[in-house]
Amino acid sequence: MTMTPNHQLMKSARFLTLLMAAAFSAAAAGQTAHFKYFSYQGRDARFDKPLDATGQYLNPVRLGFYPDPSVCRVGDNYYLVNSSFSFFPGVPLSVSKDLVNWKLLGHVLDRPSQLPLDGQRVSGGIYAPAISYNRKNKTFYMITTNVGRGNFYVKSKNPARGWSEPIYLPKVDGIDPSFFFDDNGKGYIVHNAPVTGQTEYSGQRAIRLFEFDVKGDSIKGDFKEILRGGTHVQKNPIWIEGPHLFRRGGHYYLMCAEGGTGDWHSEVVLRARQPQGPWEECPHNPILTQRQGLDPDRPERVTSAGHADLVEDQTGQWWAVFLACRPYEKDFYNTGRDTYLLPVTWKDGWPMILEKGKAIATVNDMRGIQTRLKTVNRQREDLVSGNFGYADGFAADTLDSRWFFLRNPSDFWKLGNEGLAINALPASVSERESLSALWVRQQHTAFTAETRVDFSPRTDAGLAGFALLQNEEYNFVFGKTWLDGRTALALYRTEKGRTLIASAFVPDKAVKLKIEGRGRYYDFWYAVDGDEAWSLLARGVDAVNLSTHRSGGFIGACIGLYATTKNQ
């Protein structure tokens, strides 16, 4: 398939920009903050090493908060989707020629009618999207769960030009649905569900199968429970989920995540002669995990590997994409769950992603894809793996696609000669509201983020600057505000309760703000316009509250340009 111009991405960005610009008014209730620029630089030690870009690649291939990957290939193009939870637009869609170098094509769900998110918690919204291509009708399908509305799918003849309105599937009771289209044209949906009848133990789930009427865009008949509880790698297996059905030779394969999405995560597989079963378990299960048999003090540690999907390239080589995490200590990681890539080998008719007791490496051999891979300039701004940096002066006509919103956005921002203007809304990061904030991912354990903000608070309820978000109860706010009748900078840390960590009175001028992260600990700096030197506001602030392991939920930390008229 020949890739067409990026019409969807341009259309989505242009739609949002025109909508916001048309409705934005500085005279609206609230105050306006002007952000002149934003810059980001990652500098993780694990990526700072020689790399043969024509024969090697770095894991992860999609860095920072790109969980639950699903992939399909059409011709020479690979398409990848990831969970987006309560962020808008939803379901980032990336395209690649080689499975290593990915480019954001757009978002599958780019309209409020496709993605209602009002009132949902940060880790609500979209779970585990799965992308498939039906060669019989030459149509792409993306199926997923919106935990606030139910299970649904959208479809497209050309992903670069947009996707349909959602088609809901009320019969699908559970999460993680996935399509499979057989060679004979039949369609199936597999998904995670409650077990039929009485639950025997905590965490017991099932995989159900529905037959799908492709022409009628509907489910046929009732479900069949094809897997109860999980595999027998251990007694009472828990959280069988993320199922994918595929075919190779005379067998159908059912591949699922098992053990929960934390450090006991794994991937297992079964096979049968027909999609309904009966199913034979792989004797080598789990075919992917990092939970046992590894040195806990190993360098460049990776944990929580699982939730995989498989794809076959043009040469017959199979590949797995899956999620995993990069802890800085114990199982604490602020970067969320990344997308990884490994080649698949076949053993006695079974797919094997990783040998038992083998650690996931940072540098990997390409195994067959190197002939199609162009040399990578590791200083490019469009890289999505390794150490990279970028800067945004907000001078374009449309917002860069790396930015996203929490829940469905309102008319609070516009682009102009002064950069990004944000009209502060009376909503804070601790609430389940549509915020006046734009977000990017924290993609490195060691990073620097910087901005310049011009904002004149009128009351102690006004603040503009940075927000660092894990969820409503675990976050930071760092910005210019009003304290004791004077303009000031304030740093608030939230871990269930909110604490003022540090503050400094400043003149009512524009200020530069900088965050330097080093694993668990962050430094916060500022410089008032006219001052060349940076001043330290707080050093070594404990940011473990931004770790998923501490806070719960499923996202990675997000860095926001944020303004509010709500008391902190």
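The numbering scheme is per chain: residues are counted from 1 as the chain's sequence reads. This being a predicted model, a pLDDT of at least 70 is required before a residue's local features are given, and a value of 80 or more before pairs of side-chain atoms are given or counted; all residues contribute to the totals for chains, interfaces and linings. With hydrogens and water stripped out, all remaining heavy atoms of the structure feed into the side-chain values.

Turning our attention to the overall build of the protein chain. What the protein chain contains, in helices and strands, is 2 helices and 39 strands. Since a compact globule built from 568 residues should have a radius of gyration of about 24 Å, the 24 Å found for the protein chain is in line with a globular shape. A total of 568 residues make up the protein chain; the buried ones form 61% of that total. Of all intrachain contacts in the protein chain linking residues separated by at least 6 positions in sequence, the fraction that spans at least 24 positions is 61%. All accessibility values rest on the Shrake-Rupley procedure with a 1.4 Å probe; residue burial counts only the protein chains present in the view. Within the structure as shown, the protein chain displays about 21,200 Å² of accessible surface, and the carbon and sulfur contribution to it stands at 48%. Each charge class in the protein chain can be summarised by its mean position, and for the 66 positive and 60 negative side chains these summaries are 3 Å apart. Counting from the N terminus, the helices are the DSSP runs of H or I reaching at least four residues and the strands are the DSSP runs of E reaching at least two. Throughout, radius of gyration means the C-alpha value; the globule benchmark is 2.2 Å times the number of residues raised to the power 0.38. Relative accessibility decides the category of a residue: with a 1.4 Å probe and only protein chains considered, values under 20% of the type maximum give buried, values over 50% give exposed, and everything between is partly exposed. What makes two residues a contact is simply this: any of their non-hydrogen atoms within 4.5 Å. By the counting rule applied here, Lys and Arg register as positive and Asp and Glu as negative, while His and the ends of each chain are not counted. Note that the charge is assigned to NZ on lysines, CZ on arginines, CG on aspartates and CD on glutamates.

What follows is about the pattern of salt bridges. Just to be clear on terms, a salt bridge is a Lys or Arg side-chain nitrogen sitting within 4 Å of an Asp or Glu carboxyl oxygen. Enumeration according to the criterion identifies 24 salt bridges in this entry. A salt bridge links Glu495 to Arg493; the shortest N-O distance between them is 2.9 Å. A salt bridge links Asp523 to Arg518, with the nearest nitrogen and oxygen atoms 2.6 Å apart. What makes Arg518 partly exposed here is its relative accessible area of 44%. The network of salt bridges with common partners includes Asp44, Arg326 and Asp338.

It is worth spelling out unusual backbone geometry at this point. Cis peptide bonds are those with omega within 30 degrees of zero, and the linkage from Gly277 to Pro278 qualifies with 5°. Note that Pro278 resides in the loop between β18 (266-272) and β19 (280-281). A cis amide bond links Asn285 with the next residue in sequence, Pro286, at an omega value of -5°. Relative to the helices and strands, Pro286 resides in the loop between β19 and β20 (288-289). With a phi close to 60°, Asp176 is a non-glycine residue in the positive phi region. By the secondary structure assignment, Asp176 is in strand β12 (residues 175-181). When its relative accessible area of 5% is taken as the criterion, Asp176 is described as buried.

The residue Gln120 is located in the loop between β7 (103-109) and β8 (126-134) in this model. Taking the C-alpha atoms as reference, Gln120 lies 9.2 Å from Phe85; in sequence the two are 35 residues apart. What Gln120 contacts, discounting residues up to four positions off in sequence, is Ser86, Gly125, Asn146, Val147, Gly148, Arg407, Arg432 and Glu472. Pairing of N or O atoms within 3.5 Å defines a polar contact, subject to two protein rules: one partner must be a possible hydrogen donor and the other a possible acceptor, and residues neighboring in sequence count only if both atoms are side-chain atoms. At 3.5 Å, the side chain of Gln120 and the backbone oxygen of Pro116 are in polar contact.

Let's shift gears to the UniProt feature "domain: Beta-xylosidase C-terminal Concanavalin A-like" (unreviewed entry) in the protein chain. UniProt positions are given in the numbering used here, feature names are shortened, and annotations may be inferred rather than shown by experiment. According to UniProt, the positions carrying the feature "domain: Beta-xylosidase C-terminal Concanavalin A-like" (unreviewed entry) are residues 392-566. Span residues 392-566 is 2% helix and 54% strand, its end C-alpha atoms 27 Å apart.

A word on the domain arrangement of the protein chain. Split into domains, the protein chain comes out as domain 1 (31-41 + 388-564) and domain 2 (49-365). Either an automatic procedure or a domain database provided the assignment from which the domain bounds are taken. With centres defined by C-alpha atoms, the gap from domain 1 to domain 2 works out at 33 Å. The term buried area denotes the loss of accessible surface (1.4 Å probe radius) that occurs when two parts are joined, taken as the sum for both partners. Between domain 1 and domain 2 the total buried area reaches about 3,000 Å² when both faces are included, carbon and sulfur atoms providing 58% of it. A per-residue breakdown of the area domain 1 buries against domain 2 is headed by Asn408, Arg441 and Phe554, which together make up 24% of the total. Inspection of the region where domain 1 meets domain 2 yields 1 salt bridge. Close ionic contact of Glu329 with Arg520 constitutes a salt bridge, the shortest N to O distance being 2.9 Å. If you look at where domain 1 meets domain 2, you find 19 residue pairs in polar contact (both at pLDDT 80 or more). Here the term charged refers only to Asp, Glu, Lys and Arg, the term nonpolar to Ala, Val, Leu, Ile, Met, Phe, Trp, Tyr, Cys and Pro, and the term polar to all other amino acids, Gly among them. A breakdown of the residues in the side of domain 1 that touches domain 2 according to their chemical character gives 15 nonpolar, 14 polar and 6 charged.

Attention now goes to the packing of aromatic side chains. Centre distance within 6.5 Å is the pairing criterion for rings of Phe, Tyr and Trp, where only the six-membered ring of Trp is used; planes under 30 degrees apart are then read as stacked, over 60 as edge-to-face, and the remainder as tilted. Counted according to the given criterion, the structure contains 38 aromatic pairs. Ring geometry for Tyr141 against Tyr153: centres 5.9 Å apart, planes inclined by 45°, an arrangement best described as tilted. Residue Tyr141 is located in strand β9 (residues 139-146), and its partner Tyr153 is located in strand β10 (residues 150-156); the two are separated by 12 residues in the primary sequence. No difference in accessibility class separates Tyr141 from Tyr153, as the two residues are buried. Of the aromatic side chains, those joined through ring pairs into one cluster are Phe38, Tyr40, Tyr390, Phe394, Trp403, Phe447, Phe466 and Tyr522. The criterion for a charge sitting over a ring is simple: Lys NZ or Arg CZ within 6 Å of the ring centre, and within 35 degrees of the ring normal. Note that Arg208 overlies the ring of Phe223, its terminal NZ or CZ placed 3.8 Å from the centroid. If you follow Arg486 out to its NZ or CZ, it ends over the ring of Phe505, 4.0 Å from the centre.

On to the environment of Glu281, then. In this structure, Glu281 sits in strand β19. Exposure remark for Glu281: the relative accessible area of 26% places this residue in the partly exposed category. It is 54 Å that separates the C-alpha atoms of Glu281 and Leu500, two residues lying 219 residues apart in sequence. Those residues within four positions of Glu281 in sequence are excluded, and the remaining contacts are Gly230, Thr231, His232, Val269, Leu270 and Trp350. A distance of 2.6 Å separates polar atoms of two side chains, one belonging to Glu281 and the other to His232.

Next up on the list: the state of the cysteines. By definition, a disulfide links two cysteine residues through a covalent bond between their sulfur atoms. Here, a disulfide means two cysteine sulfur atoms that sit within 2.5 Å of each other. According to the stated counting rule, one finds 0 disulfides in the structure shown. In this structure Cys256 is not part of a disulfide, and its nearest cysteine sulfur, from Cys282, lies 13 Å away. Residue Cys256 is classed as buried on the basis of its relative accessible area, which comes to 0%. For Cys325, which is in no disulfide, the shortest distance to another cysteine sulfur is to Cys558 and amounts to 14 Å. A relative accessible area of 0% places Cys325 in the buried class.

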